[in-house]
Amino acid sequence: MKDGKDRTPPGDRQGRSWDRVWSIGLVLGLLVSACSAPAPTQEVTSTSATTGLPLTTAVSPATSVVAVEHLPTQTVIVRPDPDPPASGRAPEDGEQGIVVAALGGMPYAGVPGGEVIGIAREGLVFGVEERSGDWFGLRDQCDSRIWAASDGLAFTPRNTFGEPGRLAMEDAVVVVDPGHGGPNTGATGNSGLAEPAVNLDIARRVRDLLSVPHSIDWETGEVGAGNSVPPVKVVWVTRVEGPPGADIDSGLTYRATLATMAGAHALVSIHNNADPDGSFVGPGSEAFYQIADQQSRRLAGLIVEEFRRGFAVFDIDWVGDTDAGAKYRLRSDGIRDYYGLLRGSGVPSVIAEGAFISNPDEEDLLATPEFRQAYALAVYRALVRFLTTEDPGSGFTEPYPRTLQAGSGAPGPGCVVPQQP
Ligand SMILES: [Zn+2]
């Protein structure tokens, strides 16, 4: 997302705009507090005649209609997604896990016991790696060490229970990683659709699917209402907060640390691809696994299987690499994984490359909520099978040697921890 514009297609905005409406509702509630019901019940979107900017009109049955312009300098605070905790406990001695910056943000210092140098935005998540006295050493979004005291954070201990394969969904811990963000723009399509926003939208859909019960028809792959597949215990997303801060810089060490410190049963990194070899029969979806981890390999095979099932209904001119499928990529030493996220994560991890954003036909698909949902559903079904069955997956291929370098994924020199407004 190079220019910071939200390229989410208009049809997809409705479901995602509630946080913003909620905040506007809060402001409106203050403006018209004497006579109003607090929450608007309906939203009407139009365009400002004076500025050409979108207007959101919040309609409350008990009050008049009030319009708020989305000016660039707006002071409306977009709420983090998901809601940050109001408060929580701090880690005890020796505990590892995840902290979430609570409502109002989390003060932090550069050294244990040092002066506060910033307040991390509420809702941000951090892996806790060490402790010094009453201070907790966290890996921040810039891959650096920051130190927090017990103020303004809520702690979840590192999961140590269960192995993927015969796990109950209710016991599962999953990390979903929307690839790229901030100055790390990844691949961009011909029409300007860029990976960070697309990947984030798909990741949030995966999170939402994992967070509520469903039924799944395994014959057809259809996912519907029901209780046969319960929600997971915890799902963490590595870029989580509202639109202005969602496009943050986020280092690979930070992302990998979150998965490790969560004790996740699986990490899935959501990406879309570029530089195919040529046209392809069916989708050229890929999933990269960790060479030394059989569970990672199995998860990649399941993701490829479900991509092929879920994308078969889209009749377009697909592209792909001749070695498309579930595969690995090694560094020049021929031993270690090429991708830093797979190298750095201590849990079964896969980089999913669902579609080629560089192919105009697939870029058009990625711009639709229907295809993004199909992508998310495929990852969801693959995770359910990975966690609760010993299905082996399929689509494994022997990769040919590659010389094209991937981006480093390192945070930019201007990287800062997103601050509480
Ligand atoms: Zn990518």
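Residues numbered from 1 in each chain as written. Predicted model: local features only at pLDDT ≥ 70, side-chain atom pairs only at ≥ 80, totals over all residues. Heavy atoms only, no water.

Colleague: For the pattern of salt bridges, give the residues involved together with the corresponding values.
Modeller: Taken as a whole and assessed by the stated rule, the structure comprises 19 salt bridges. Across the salt bridge formed by E129 and R145, the nearest N and O atoms sit 2.9 Å from each other. With E129 in strand 7 (residues 125–132) and R145 in strand 9 (residues 145–148), this residue pair connects regions lying 16 residues apart in the sequence. Judged by relative accessible area, R145 falls into the partly exposed class, the value being 26%. What emerges from the salt-bridge pattern is a single network uniting E305, E306, R309, R381, R385 and D391. (Salt bridge = Lys/Arg side-chain N within 4 Å of Asp/Glu carboxyl O. Helix = DSSP H or I, 4+ residues; strand = E, 2+ residues; numbered from the N terminus. Buried < 20%, exposed > 50% of the residue type's maximum accessible area, 1.4 Å probe, protein only.)

Colleague: An account of unusual backbone geometry is requested, with residue identities and associated values reported.
Modeller: The phi torsion at D143 lies on the positive side, around 70 degrees, for a residue other than glycine. By the secondary structure assignment, D143 is in the loop between strand 8 (135–139) and strand 9. Residue D143 is classed as buried on the basis of its relative accessible area of 18%. Within the chain, H180 stands out as a residue other than glycine whose phi angle is a positive 70 degrees.

Colleague: Tell me about the coordination of the zinc ion, residues and numbers included.
Modeller: For the zinc ion, the protein coordination sphere consists of H180 (NE2), E195 (OE), E195 (OE) and H271 (ND1), at 2.1 to 2.5 Å. One can describe the donor arrangement at the zinc ion as irregular, given that its 4 donor atoms subtend angles of 53 to 150 degrees at the metal. Between consecutive donor residues of the zinc ion, the sequence gaps follow H-x14-E-x75-H. Taken as a pair, E195 in helix 3 (residues 195–211) and H271 in strand 15 (residues 266–273) lie far apart in primary sequence, 76 residues in all. The same class applies to E195 and to H271, which are both buried. (Donors = N, O, S within 2.8 Å, 3.2 Å for Na, K, Ca; no water. Tetrahedral: all angles 85-135°; square planar, octahedral: opposite > 155°, others 65-115°.)

Colleague: I'd like a rundown of the packing of aromatic side chains, residues and numbers included.
Modeller: Overall, the coordinates contain 11 aromatic pairs when judged by the stated rule. Aromatic side chains F314 and F371 sit 5.1 Å apart centroid to centroid with 75 degrees between the ring planes, which places their arrangement in the edge-to-face category. Here F314, found in the loop between helix 6 (294–311) and strand 18 (319–320), pairs with F371, found in helix 9 (residues 369–388); they are 57 residues apart in sequence, far enough to count as distant. Taking relative accessible area as the criterion, F314 reaches 17% and is therefore assigned buried. The exposure class assigned to F371 is buried, which follows from its relative accessible area of 0%. Centre to centre, the rings of W318 and F371 are 6.4 Å apart; their planes meet at 45 degrees, and the pair counts as tilted. Remark: F371 occurs in helix 9 and W318 occurs in the loop between helix 6 and strand 18; sequence separation between them is 53 residues. For the pair W318 and F371, one class covers both residues: buried. Pairwise contacts between aromatic rings join F307, F311, F314, W318, F371 and Y375 into one cluster. (Phe/Tyr/Trp six-rings, centres within 6.5 Å; stacked < 30°, edge-to-face > 60°.)

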